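In case you want the letters, here they are:
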Amino acid sequence: MEVYVDNAATTKTSQTAIAAMLPYFDKIYANPSSLHTPGQNAKEALENARARIAACLGCTPREILFTSGGSEADNQAIRSVAHAGAKKGKKHIISTAFEHHAVLHTLKRLEQEGFQVTLLDVGSSGTVTAQQVAQAIRPDTCLVTVMYANNEIGSILPIEAIGRVCREAGIPFHTDAVQAVGHLPMDVEKDHIDLLSLSAHKFHGPRGVGALYVRRRMPLENLIDGGAQERGKRAGTENLPAIVGMAAALEEACANLDAATRVTALRDKLIAGLGQIPHSALNGDPVHRLPGNVSFCFEGIEGESLLLLLDAQGIYASSGSACTSGSLDPSHVLLAIGRPHEVAHGSLRLSLDWENTQADVDHILTVVPQVVSYLRSMSPVWRDLQTGKRNFIL
Ligand SMILES: *Cc1c(COP(=O)(O)O)cnc(C)c1O
């Protein structure tokens, strides 16, 4: 049996998206910037995709800029607004300690340019409040960037309330909504969002394509200089097949949001079952949580060994984010919610999707407790915990 539960890292491209893309490789292949008829047909397909994506977010097509993915959208949003703020003498940015690295590393770079960054504490429940944001605002604050939902521990943040605080203070508000778009209902007007990043491969579209929603009159600088594509803000011939596939996948995901109820039920069975393992703890908020996210820490084991043994049993999961695997540092997200290093190392993230079944859940609930016990039986740390040489944390 094979169970793919790493949908927060990437999803399978849907058949709908693949079918939508195919004609754009060999039939409608002209450059949208070309003036001839095939070029204009390609241009029409490009603008049609833009309008369909805008409709899913509740904005106008002119407010959608195509990018190479979520990372580029985050970079462009944050740099643009920060640099516009600096021109007015405002060099303070508010964000959170558990953002994706596409945000945190961009902020690090801005710090080197002389910006000051306040990273709000996300506490043990893994969220921030609108009040925390309000209290951090200074006269020189030029940007608030807070993620819609966390990719490792699944918490959904109070974006509408944070957006309102920012709008009232007149401060541009960006949200990295890569984990939320296609999984939760989206309305940039209702949530008072000024800039929003999304990525197609997190909602069954192709990888290497994404978009940035930019409210009218928000400043926008280009990361890539060159031709006049995307109204001069993002040079380079458009990846039309991928853009069309993204629009098809987003429409499909938005029409399918009801499936979240079924995914949530599977998620809660997993959470209840894994919670039976002694000295384990759920990471993140149990209620305000992405439909498919299950994140646990198990004391006395190494997440990497757990993943390898699960892989051998056909369970394809992750310890944190794909971006931190391959490094031995524990996840900055788990440290931010207050998990000590030794506990943060024993993490497991299962991210479910509408294709997962009750049989998948049963398989996971059979295998994970066995593997955890097996690893503990070999662990010197676990022996020390048993003999009282070390104290249990969980
Ligand atoms: C995956 C992810 C990104 C990066 O998106 P890419 O399209 O892979 O560049 C950014 N933020 C979050 C929260 C993500 O989950």
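A short tour of the structure in this document, coming up. This is a predicted model, so every value here is computed, not measured.

1. A closer look at a nonpolar patch on the surface
Now for step 1: On the surface, a nonpolar cluster with roughly 280 Å² of combined accessible area is contributed by Ile18, Leu22 and Phe25.
Now for step 2: Within the element layout of this structure, isoleucine 18 appears in helix H1 (residues 15-21).

2. A closer look at the packing of helix H4 (residues 70-87) against helix H5 (residues 101-112)
Now for step 1: At their nearest, the axes of H4 and H5 sit 9 Å apart, and the two run at 35° to each other. Between H4 and H5 lies a crossing of right-handed hand. Counting all contacts with H4, which are made through Ser71, Asp74, Asn75, Ile78, Arg79, Ala82 and His83, the residues of H5 involved are Ala102, Val103, Thr106, Leu107, Arg109 and Leu110.
Now for step 2: A per-class count over the contact of H4 with H5 returns 6 nonpolar, 4 polar and 3 charged.

3. Thoughts on the sheet that holds strand S12 (residues 347-351)
Now for step 1: Strand order in the open sheet formed by 3 strands is S9-S10-S12, with antiparallel pairing between adjacent strands. Every other strand in the sheet has two partners, leaving strand S9 (280-282) and S12 as the edge strands with one partner each. On average, each strand axis in the sheet is inclined to that of its neighbour by 20°, with strand direction left out of account.
Now for step 2: Bridge analysis of S9 against strand S10 (residues 293-298) gives 3 bridges, and the strand direction is antiparallel. Bridging across to S10, alanine 281 finds its partner in cysteine 297.

4. So, the packing of aromatic side chains
Now for step 1: Per the counting criterion, the structure on display carries 2 aromatic pairs.
Now for step 2: Relative to phenylalanine 298, the ring of phenylalanine 296 has its centre 5.8 Å away and its plane inclined at 5°; by these criteria the two rings are stacked. An identical accessibility class is assigned to phenylalanine 296 and phenylalanine 298; each is buried.
Now for step 3: In this arrangement the basic side chain of lysine 91 is found over the ring face of phenylalanine 115, its NZ or CZ atom lying 5.0 Å from the centre.

5. Examining the pairing of strand S4 (residues 116-120)
Now for step 1: As paired strands, strand S3 (residues 92-96) and S4 are joined by 5 bridges and run parallel to one another. Considered in S4, the bridge of serine 95 is made with leucine 119.
Now for step 2: Note that the unit made of S3, H5 and S4 has a crossover that is right-handed.

6. Points about H4
The periodicity of an α-helix, 3.6 residues per turn, causes residues three or four positions apart to be oriented the same way.
Now for step 1: Compared with the 26 Å implied by 1.5 Å per residue over 18 residues, the 26 Å span of H4 between its first and last C-alpha is a close match.
Now for step 2: For H4, the buried fraction is high: 13 of the 18 residues fall into the buried class.
Now for step 3: Looking one or two residues beyond H4, the residue adopting positive phi is glycine 89, at roughly 80°.

7. Here we look at the environment of serine 95
Now for step 1: Following the sequence through the fold, serine 95 ends up in strand S3.
Now for step 2: Placed 236 residues apart in sequence, serine 95 and serine 331 show a C-alpha to C-alpha distance of 18 Å.
Now for step 3: Not counting residues up to four positions away in its chain, the partners in contact with serine 95 are Val103, Leu107, Thr118, Leu119, Leu120 and Thr145.

8. Description of the sheet that holds strand S7 (residues 195-199)
Now for step 1: As summarised here, the arrangement of the 7 strands in space is S2-S8-S7-S6-S5-S3-S4, forming an open sheet in which the pairing is mixed. Only two strands of the sheet have a single partner each, and these edge strands are strand S2 (64-67) and S4. Averaged over all pairs of adjacent strands, the angle between their axes in this sheet comes to 20°, without regard to strand direction.
Now for step 2: Alignment of S7 against strand S8 (residues 210-214), held across 5 bridges, turns out to be antiparallel. Each bridged residue has a counterpart across the sheet, and for leucine 196 the counterpart in S8 is tyrosine 213.
Now for step 3: Taken strand by strand, helix H3 (residues 37-57) contacts S2, S7 and S8, and its axis lies near 115° from that of S2.

9. Some details on the site of the ligand
Now for step 1: Near the ligand you find 13 residues, and of these Ser71, Asp176, Gln179, Ser199 and Lys202 are the closest.
Now for step 2: In the model, an oxygen atom of the ligand is placed 2.7 Å from a nitrogen or oxygen of the serine 71 side chain.
Now for step 3: One of the side-chain nitrogen or oxygen atoms of aspartate 176 is found 2.7 Å away from a nitrogen atom of the ligand.
Now for step 4: In the complex, 87% of the free accessible area of the ligand, which totals 380 Å², lies under the protein chains.
Now for step 5: A per-element tally of the shell around the ligand places H4 first, with 3 residues.
Now for step 6: Residue composition of the shell around the ligand, by class: 2 nonpolar, 8 polar and 3 charged.

10. A few points about the pattern of salt bridges
Now for step 1: Per the counting criterion, the structure on display carries 17 salt bridges.
Now for step 2: Here aspartate 191 and lysine 190 are joined by a salt bridge, their closest N and O atoms 3.0 Å apart.
Now for step 3: Here aspartate 191 falls in the buried class, since its relative accessible area comes to 2%.
Now for step 4: Put simply, arginine 215 and aspartate 194 hold a salt bridge, and the shortest N to O gap is 3.1 Å. Of this pair, arginine 215 sits in the loop between S8 and helix H8 (240-255) while aspartate 194 sits in the loop between strand S6 (173-176) and S7; the two residues are 21 residues apart in sequence, bridging distant segments of the chain. Here the two residues arginine 215 and aspartate 194 agree in accessibility, since each one is buried.
Now for step 5: Several salt bridges converge on common partners, so that one network encompasses Lys43, Glu47, Arg50 and Glu230.

Conventions adopted
Residues numbered from 1 in each chain as written. Predicted model: local features only at pLDDT ≥ 70, side-chain atom pairs only at ≥ 80, totals over all residues. Heavy atoms only, no water. Patch = residues over 30% accessible without salt bridge, like charges linked within 9 Å, V, L, I, M, F, W, Y side chains within 5 Å. Areas by Shrake-Rupley, 256 points an atom, 1.4 Å probe, with all protein chains shown as cover. Salt bridge = Lys/Arg side-chain N within 4 Å of Asp/Glu carboxyl O. Helix = DSSP H or I, 4+ residues; strand = E, 2+ residues; numbered from the N terminus. Axes fitted to C-alpha atoms, helices over the stretch in contact; angles between N-to-C directions. Left-handed = near helix turned anticlockwise from the far one by under 90°. Contact = heavy atoms within 4.5 Å. Nonpolar A, V, L, I, M, F, W, Y, C, P; charged D, E, K, R; others polar. Pairing = 2+ DSSP bridges. Phe/Tyr/Trp six-rings, centres within 6.5 Å; stacked < 30°, edge-to-face > 60°. Buried < 20%, exposed > 50% of the residue type's maximum accessible area, 1.4 Å probe, protein only. Lys NZ or Arg CZ within 6 Å of the ring centre and 35° of its normal. Right-handed = clockwise from strand over helix to strand, strands pointing away. Expected span 1.5 Å × (residues − 1). Near = heavy atom within 4 Å. Polar contact = N/O pair within 3.5 Å; in protein donor to acceptor, adjacent residues only side chain to side chain.

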